[in-house]
Each structure stands twice: as C-alpha cells, then as structure tokens.
Number of protein chains: 2
Amino acid sequence: MPTIVQKYGGTSVEGAERIKNVARRIVAAHDAGNKVVVVVSAMGDSTDELLKMAHQISAAPPERELDMLLSTGERVSVALLAMAIHELGRTAISLSGNQAGIQTNTVHTRARITGVETGRLIEELESGKIVLVAGFQGVSPDEDVTTLGRGGSDTTAVALAAALGAGQCEIYTDVEGVYTADPGIVPDARRLASVSYGEMLEMAATGAEVLMLRSVEYAQKYGVPLHVRSSFSGDPGTCIREEDEEMEKAVVSAVTYTSDESKLTLLRVPDRPGVAATVFGALAEADVNVDTIIQNVSEQGTTDISFTVNQTDLPGAQKALQAIAGDLGVAFLIDNDMGKVSIVGAGMKSYPGVAAKMFGTLAAAGVNIEMISTSSIKISCVIKRGQVKKAVQALHEAFGLGNTV
Amino acid sequence: MPTIVQKYGGTSVEGAERIKNVARRIVAAHDAGNKVVVVVSAMGDSTDELLKMAHQISAAPPERELDMLLSTGERVSVALLAMAIHELGRTAISLSGNQAGIQTNTVHTRARITGVETGRLIEELESGKIVLVAGFQGVSPDEDVTTLGRGGSDTTAVALAAALGAGQCEIYTDVEGVYTADPGIVPDARRLASVSYGEMLEMAATGAEVLMLRSVEYAQKYGVPLHVRSSFSGDPGTCIREEDEEMEKAVVSAVTYTSDESKLTLLRVPDRPGVAATVFGALAEADVNVDTIIQNVSEQGTTDISFTVNQTDLPGAQKALQAIAGDLGVAFLIDNDMGKVSIVGAGMKSYPGVAAKMFGTLAAAGVNIEMISTSSIKISCVIKRGQVKKAVQALHEAFGLGNTV
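Since we're looking at a predicted model, the values are computed, not measured.

Q: For this particular structure, what's the right way to read the sheet that holds strand β9 (residues 169–173) of chain B?
A: Sheet strands associate in pairs through backbone hydrogen bonding, adopting either a parallel or an antiparallel arrangement. Residue and element names in this part refer to chain B. Across the sheet, eight strands lie side by side as β3-β6-β2-β1-β9-β11-β12-β10; this open sheet has mixed pairing. At either margin of the open sheet sits one strand with a lone partner, and together these are β3 (92–95) and β10 (194–196). Taking each pair of neighbouring strands and ignoring which way they run, the sheet shows an average axis angle of 20°. Alignment of strand β1 (residues 3–8) against strand β2 (residues 35–40), held across six bridges, turns out to be parallel. Pairing of tyrosine 8 across the sheet is with valine 40, part of β2. Helix-sheet contacts for helix α6 (residues 197–205) involve β10 and β12 (238–241), and the interaxial angle to β10 is about 85°.

Structure, rendered in structure tokens:
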C-alpha cells in the first residue's frame, strides 16, 4: 500500500468548514488505498495572535518559551482535523511533533530537523489509522519543544515523506501552484506545470512565497518530489522535482520580486585586506542576513561597499555598523526605499544575452538598476521600491511568460 | 531551602497585565528564599473557546483528540508567564504536564494522576529556576496527552506539592478564600480562616465552587495543607487542613447550594430485591452521576424511588430509564426545576438539634423540602430552584454565620 504525505497550510484549515473540507480530501486519499500522513499548520493567523500575546509581555521573549507557546497552534488544528475525520467515519490520530518522532537540534525558533524516529508513525499507519502530524515543531535532545521557523510545516512534511519513503509530498495551499509571476501584479501570469528544485530554490530566495527555501533544500537533498496544489480546487498544481529531459527548459521560467529591501553603503572604506571581513563579520554576529553585496572599484586607496538587507534587519545592521564605523574611519548611508526584481530559469545558463535583454527591458521601462547579482539560473536587480511593480510587468511581458491563449 | 507550590487559576492569568501581576507574586516568593513551583490554568475562557471549536466540528469528539486540543490552553499560559518572569530578570522554565512528570491513567478527559516523576522538576529547581507547570494535564502510559477534568489544575498542584514534599500548596483564585456562603447571594458572608478537609469535601460536593472535590481528596490523602487566596490582593485567605484542636469547631461552618438539579421519580416500583440495583446499575452504565436517592416506605408491594442528577446528566438518565422502564413495568416522572441547599460543619456531629433547626428555618421561610440527605457533618435539602436563594439567606442568618461587625 503506497504511503502519501500531504501538508495543509493555515488558510486551508481556517475555521470549521475548511477543516471539514480538508477532512474530505484526506479521507478520499485514504479510501483510494493509500497510507496517509498529513501535516497541518496552525489555523489562519493564530500564530500571529500568539506572537502578539508574547510581545504584550516581552519585547524579546526567551526563544525556548516562544517555542512552547507557538507550538500550540498546530496542536489545535491537528486535533480538530482528527475530530472532523472521525465525523466521516474513519479513524485518525493526531500526533505532536514529538510524538511523530521529529527530532531537531536545540536552536529554538529556527531548529533544524536532525532525524525522524518513525516507530510510532509506522505503528499507527499499520493499524489502519490516518496519521495527522502537528507541523512546524519537533523535540530537542533536552526533551523540549522546538519550532522550525517560517514555512516549517512544509519542512516537516518533506522530512516525513523522506523518512517514510513516500512517493511524493503534496503541499496544499491557498494558491493553484507556482506561477510565472505574482498574479496580483501580473494578471496574465501562468501556472507552471513543473519546476526544477534549482529553479524553485532561486525563486524562493528571490521572493516567491509559495514554498520556503529550507523545505525545497530538504526535498532536493532527499529527492522527494513536491506537488504544490490548491486545497480549494481539483486543479493539477505544480510539480517540483529533479531537472529531467521531459521538463520544459524555459530560458526564463518566472519573474520574482521583493519590496522590503534596505540598501546600506559604506563610503571610502580603506582598501586593505580584512576590512570586508570585519564589516560582514560584525553583521553576521548581529544575526543580520545580508543579501546582495557590491564592492565598487577602488579609487585612491578607498572603496565603497554597498549591500542590501531585509527591512526587518535594518536596525540590527545599523547598530552593528555604528559599532565598527569609528574604528574603520568610515561613514555609511542608508536607503530604506529599495526592492529587487529577479528572473529565474534553468535554461538561462545555455542562452547568452538574457542579462542584456533584462537590463534593456528595465531601461525601456524607465527603471534604474542600482545593484546586480547573478547565479547560473538567476539574475537579480536591486531597484527603487516604487518601480518594482512596473519592472515585474515589463519583464514578464518581454520574456513571453504570460498565457498565450 | 523550602519548596512551595502555587497554583493560579484562569482569571488570574487573563491578559498581559494579570500575567505580569502573577509574575511579580511568583518572583517575590522566589526572592524570599523558596524553591517555587507554579501550576497555571488556561487563560480566562480559552478552554471554553477550544471546546466551542471542537463542537463546531463534532457533537461527540473523540476524547483523546479533545485532550490534545484542550491541553494547549495551559501551555499557552505557562509559556507567557515564563516570559513575564524573564522580563523581571529571573529565570523560569515552563514544562508541559508530560515534561513535569505528571503520569496518569488512559481515561481521556478525566484521567487520574497515577504518579509524579520528579526528576526533571528537581533538576530545574536545583539549577535555581522557577518552574512553571501546565496544569490540568499529564501523560498516559501510551505517551498520549491526557487531561484531568474540571478543576484539574488544582489536582496538579496538590500532586506536585505531595511529590516534592512542599510545606503547603497555595491556590490563587479570583475570590478571597472560602466563605460561609456565596457572597453573591449573602452580602454579609464571612471568609473562613480555616476549614477541615472533611468540611471542604462536603462543601465542594454540595456546590462550593472554589475547589474541586478531587483536589481536596488528593490533598487529604497526602496530608498537603491547602491555602486558598486571591491573586488580586494580599488578604490572608483560607487554610484547608487536617482538623485539629486549634481549629474553630463551628456547629455550622457554611451554607452551600446548587441550582441545577433534576429530580426523577420512579413510580410503583415492584418491592423486590434487585430492582434498585437494576435502576442504578443502568444509570452508572450511562455515566450518570446520581446525587441524593430516596426510597419511600413501601405500600401494597410497590414503592416510589426518587433521585436527583445534575441537569447536564438528565438526557442520559432519561435514556437509561426508558431502556429499563418497560421491563420493570414502571413509569417515571421528571422535575427539572430543582435545587439543593446544604449546611456543613465539623461540629455538627456532636450537637443534636441542628437538623431540626434547619428544617424549622426553611419552613418559616416558606420553603418546602422535597428530599433530605445527611452525613455526619452535612445536611442537604432538595428544594425548588426558585427558592434556593431565599433558603440560603435564611439559613446563613439562622446559624449566625455573617459578619457580626
């Protein structure tokens, strides 16, 4: 009997009616002759509600306690879903991350899965039960509850699929799949039938929100095919798997963007070894996630270094730079008004001229490029936030990504 | 260093401000040189909210899943309280029932504590931490979450106090202690400085809501003195302990009442052995909690049997009686409009005439007594619901229980 792993996001289980709807889907998969394991997120915005409560009490709550708090949201949805399945006359059992054998390291609020003890999972499946697992959480070697960070439920699902040797991992969400661009900005954006792990990683890293980076990394590492689908329709969704011959190798598959970048520029940095290491070491120490980095050509023994961070990291970055700017004898500028537009495509590496076409398209649209960074299957341009929407639309059009119907 | 166990009820931790207030009390106990273990209930009406969600999905949710669901409420409060204590610069750790070693049987939604594994508790206390334990929950031999039923957090606190050899167990609630009567009905009701376990058991069994029966039984069994106090004031509260010489032996200590009784009467029951066993066996089978039972003198080979149940048990009782009434050849009547008034006092057993005074007082107040039941330290009268308030006031006055100031 094949094993399938499904994951339902928070909007899919928001309220009694949606929970009943999800229960019917799960029962259908069970009745079709599968062993079914289901990972569930917290209902709707309940995690945000819990965070709000925590911040009414403490500006910086201890992370172990935050995990104890936040892990309750998924327990609520998994218990309610079990009840809904029982109402349909099938037997389901809800398991916490701990009960499901999700073992993690001790890094609270962003723990990594270190292994899956499948004993109880397999036992419950063998006894004919549908197994529901609280997503986003695990247990540390200290027997404490940990959480896996944003998108953690996807990672739970992928880890379970890998550990149980499931044929695939179905990610049910509130969108129809992975699109060529955000349909909210580009009305004729098209659903992609399949995307390679590599493309999906670049898309997640450059702003596509449908899957979090870590779950895609995990799926790639263990070779688990992902299938992103809507929990509200029967539409076919998007498959994310190893790049293969059958896969359409578009030069450009999608346009992605972010609107919450801040640019920091260090002026007249002494052009001697170790300076960049000092700067980015201090930022890493402060837990600031640095995105694009550019160092201009040096002039008269000094150079300018620019980099972007997510807006939420800006206060931390400023503090870290202030602490070292004096010693280095440098000033810095902040531009808090930035965004980033990217094109991603597995075929890009074998087609020259893609970058030139991107820059040309942006120029024609009157969009000034402030920074550029590339990988073999992605080109990103940092631009003014106010021009992001226009840039996405122009690139989607220029690379012919829309519905041609 | 002495160990003290405190328990805070749901209203004491309802909202950020109250949680901070409770944190200050706990820190004060810690700073006074105690090892402090704190048991916390779910915030305000959050347990009812969770139950409401469950009932939107299922009229009769599986009890294991109900426990998974309901146990989250206490985890939320215990995590938030840990954060509040950290804000005050002390170190606290929250533990689930499982982590705190609260072992129970497998009877979900009303599990009994079978033991306390104190290993981790003691380890955390030894390391100087304030230990916060999610009340109302434990872990079954199957490694599943169980809950202890209504008032379960009190029982958690008493069990921990017993297991840790704590000098006493402080129960913080939203009232000032145990009163001679419900102050909502009797404005001059007086706080009792001390009450014996036996009196408290009778009071809890006859309607006093300040402590649940099972936690008092547990405290008596292990000789743990309870101290009921308000979390909103510094008032001295009420001590509940073994009856001793110092304790004021009032003939009557308190008047209690319930307003949610239903009376069922079986008419012309054949007066032969085994009939009562059949009736009450069927009710026990249906999980109906029968309170007062009266069998009238038999007449012409038949007898009438009356008993009361809580209103919530009425549908179950009716169903059970319908199933056996035919076989027994009896009819039954239901009066859903009943209440009960009781007087409780450890001194009662050595004073004759207390019952006569009670009946006379009720008669003078125009209250008709429908059923009577007694123990050595309690007399209860089943009366019409609409007369309960008047009866309580008259008895409180007649036995001189009010403030004499």
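Q: Would you mind showing me how to read the relation of the copies chain A and chain B here?
A: When chain A is brought onto chain B, the operation consists of a screw motion whose angular component is 179° and whose axial shift is 0.1 Å, with 0.1 Å RMSD remaining. Viewed as a symmetry operation, the transformation between the two copies matches a two-fold axis. Identified as the residue of chain A closest to the rotation axis by C-alpha distance is A:Thr72, at 2.7 Å. Interface residue correspondence from chain A to chain B reaches 100%, placing this contact among same-surface, isologous pairings.

Q: So what exactly am I meant to see when it comes to helix α4 (residues 72–87) of chain A here?
A: Because the α-helix completes a turn every 3.6 residues, residues three or four places apart line up on one side. All names here are of chain A. An ideal rise of 1.5 Å per residue puts 22 Å on 16 residues; α4 measures up with 23 Å between its terminal C-alpha atoms. In terms of residue burial, α4 counts as a mostly covered element, since 15 of its 16 residues are buried. A positive backbone phi angle near 85° is found at glycine 89, which sits one or two residues after α4.

Q: Would you mind showing me how to read the nonpolar core here?
A: It is characteristic of soluble globular proteins that their nonpolar side chains tend to be buried jointly. Judged by nonpolar contacts, the single largest core of 215 residues is most densely connected at A:Leu81, A:Leu132, B:Leu81 and B:Leu132. At 13 residues, helix α3 (residues 63–87) of chain B tops the list of elements feeding residues into this core. When we break this core down by domain, the ones giving at least three residues each are domain 1 (3–174) and domain 2 (255–398) of chain A. Aside from chain neighbours lying at most four places away, what touches A:Leu81 is A:Val13, A:Ile19, A:Val22, A:Ala23, A:Val40 and A:Leu132.

Q: Sorry if this is basic, but what is going on with the domain arrangement of chain A here?
A: Interface size is commonly expressed as the accessible area that is lost once the parts come together. The domain boundaries assigned to chain A delineate domain 1 (3–174) and domain 2 (255–398). For domain 1 of chain A and domain 2 of chain A, the distance between their C-alpha centres works out to 36 Å.

Q: I tried to follow the interface of chain A and chain B on my own but got confused; where do I start?
A: With 27 residues of chain A at the interface, the matching set in chain B holds 27 residues. Its residues assigned to classes, the side of chain A that touches chain B shows 16 nonpolar, six polar and five charged.

Q: Quick question: what am I supposed to make of helix α7 (residues 197–205) of chain A here?
A: Counting buried positions along α7(A) gives eight out of nine residues, so the element sits mostly inside the fold. One or two positions beyond α7(A), positive phi appears at A:Gly207, with a value near 125°.

Q: Would you take a moment to explain the sheet that holds strand β3 (residues 92–95) of chain A for this structure?
A: Residues and elements named next belong to chain A. Judged by pairing direction, the sheet is mixed, and its eight strands sit side by side in the order β3-β6-β2-β1-β9-β11-β12-β10 without closing on themselves. Of all the strands in the sheet, the pair left with one neighbour each is β3 and β10 (194–196). Neighbouring strand axes in the sheet, compared pairwise and without regard to direction, differ in orientation by 20° on average. Note: strand β11 (residues 226–230) against strand β12 (residues 238–241), three bridges, orientation antiparallel. Among the inter-strand pairings, leucine 226 is bridged to a residue of β12, identified as isoleucine 240. In the packing of α4 onto the sheet, contacts are made with β2 (35–40), β3 and β6 (130–134), and the angle to β6 comes to roughly 160°.

Q: Just to check I follow, could you spell out unusual backbone geometry for this structure?
A: Leave glycine aside and you will find that most residues have negative phi; peptide bonds, for their part, are mostly trans. Residue and element names in this part refer to chain B. In this structure, threonine 109 takes a positive phi of about 75° despite not being glycine. Judged by local crowding, threonine 109 falls into the partly exposed class, with 17 C-beta atoms found within 10 Å. Although it is not a glycine, arginine 268 sits at a positive phi angle of roughly 50°. Residue arginine 268 is classed as partly exposed on the basis of its 15 C-beta neighbours within 10 Å.

Q: How do you make sense of the environment of A:Ala254 when you look at a structure like this?
A: Residues and elements named next belong to chain A. Mapping alanine 254 onto the fold places it in strand β13 (residues 254–270). Alanine 254 sits in the buried class, given 29 other C-beta atoms within 10 Å. Taking the C-alpha atoms as reference points, alanine 254 and histidine 396, 142 residues apart in sequence, are found 7.5 Å from one another. Apart from the residues within four sequence positions on either side, alanine 254 is in contact with Thr180, Ala181, Leu192, Met203 and Val344.

Q: I'm lost on the packing of helix α1 (residues 16–31) of chain A against α4(A) in this one. Help?
A: All names here are of chain A. Close contact between α1 and α4 brings their axes to 9 Å; oriented N to C, the two are set at 65°. Where α1 crosses over α4, the two elements pack in a sense that is right-handed. Within the contact between the two elements, α1 uses Ile19, Lys20, Val22, Ala23, Ile26 and Val27 and α4 uses Leu80, Leu81, Ala84 and Ile85. Residue composition of the contact of α1 with α4, grouped by class: nine nonpolar, no polar and one charged.

Q: Explain the environment of B:Ala79 here, please?
A: For B:Ala79, the location among the structural elements is in helix α3. Distance in space between the C-alpha atoms of B:Ala79 and B:Ala134 is 8.8 Å, their sequence separation being 55 residues. Sequence-distant contacts of B:Ala79, defined by excluding residues within four places in its chain, comprise A:Glu65, A:Met68, A:Leu69 and B:Ser94.

Q: For this particular structure, what's the right way to read the packing of helix α2 (residues 46–57) of chain B against α3(B)?
A: All names here are of chain B. Where α2 meets α3, the closest approach of the two axes is 8 Å, and the angle between their N-to-C directions is 150°. On the basis of the axis angle, α2 is roughly antiparallel to α3. Helix-helix and strand crossings are classified by hand; for α2 and α3 the assignment is right-handed. Mapping the contact onto sequence places Ser46, Thr47, Leu50 and Ala54 in α2 and Leu66, Leu69, Leu70 and Gly73 in α3. For the contact of α2 with α3, the residue count by class is five nonpolar, three polar and no charged.

Q: What is the right way to look at the pairing of strand β13 (residues 254–270) of chain B in this model?
A: Walk down a regular strand and you will see the side chains alternate between the two sheet faces. Residue and element names in this part refer to chain B. Note that β13 and strand β16 (residues 331–344) share 11 bridges and pair antiparallel. Across the sheet, the residue bridging to valine 255 is isoleucine 343, located in β16. Where β13 meets strand β15 (residues 302–310), eight bridges bridge the pair, whose relative direction is antiparallel. Residue pairing in the sheet places leucine 264 in a bridge with phenylalanine 307 of β15.

Q: Would you mind going over the confidence of the model for chain A with me for this structure?
A: Low-pLDDT stretches of the model should not have their predicted coordinates read in fine detail. Per-residue pLDDT for chain A averages 91, and the proportion of residues at 70 or more is 98%. Among the prediction metrics, the complex's ipTM stands at 0.82, with pTM recorded as 0.84.

Q: Would you explain the environment of A:Val40 in this entry?
A: Residue and element names in this part refer to chain A. Here valine 40 shows up in strand β2. Classification of valine 40 by C-beta neighbours within 10 Å gives buried; the count is 35. Note: C-alpha distance between valine 40 and methionine 203 (163 residues apart in sequence) is 24 Å. Aside from chain neighbours lying at most four places away, what touches valine 40 is Tyr8, Val13, Glu74, Ser77, Val78, Leu81, Leu132, Ala134 and Gly135.

The rules behind each value
Residues numbered from 1 in each chain as written. Chains lettered and ligands numbered in written order. Predicted model: local features only at pLDDT ≥ 70, side-chain atom pairs only at ≥ 80, totals over all residues. Pairing = 2+ DSSP bridges. Helix = DSSP H or I, 4+ residues; strand = E, 2+ residues; numbered from the N terminus. Axes fitted to C-alpha atoms, helices over the stretch in contact; angles between N-to-C directions. Contact = placed C-beta atoms within 7 Å. Least-squares fit on C-alpha atoms with pLDDT ≥ 70 in both. Expected span 1.5 Å × (residues − 1). Buried ≥ 20, exposed ≤ 12 C-beta atoms within 10 Å, placed from the backbone. Core = buried A, V, L, I, M, F, W, Y, C linked by C-beta atoms within 7 Å. Domains from an automatic or database assignment. Nonpolar A, V, L, I, M, F, W, Y, C, P; charged D, E, K, R; others polar. Left-handed = near helix turned anticlockwise from the far one by under 90°. Parallel < 35°, antiparallel > 145°, perpendicular 65-115°, else oblique. pLDDT = per-residue confidence, 0-100.

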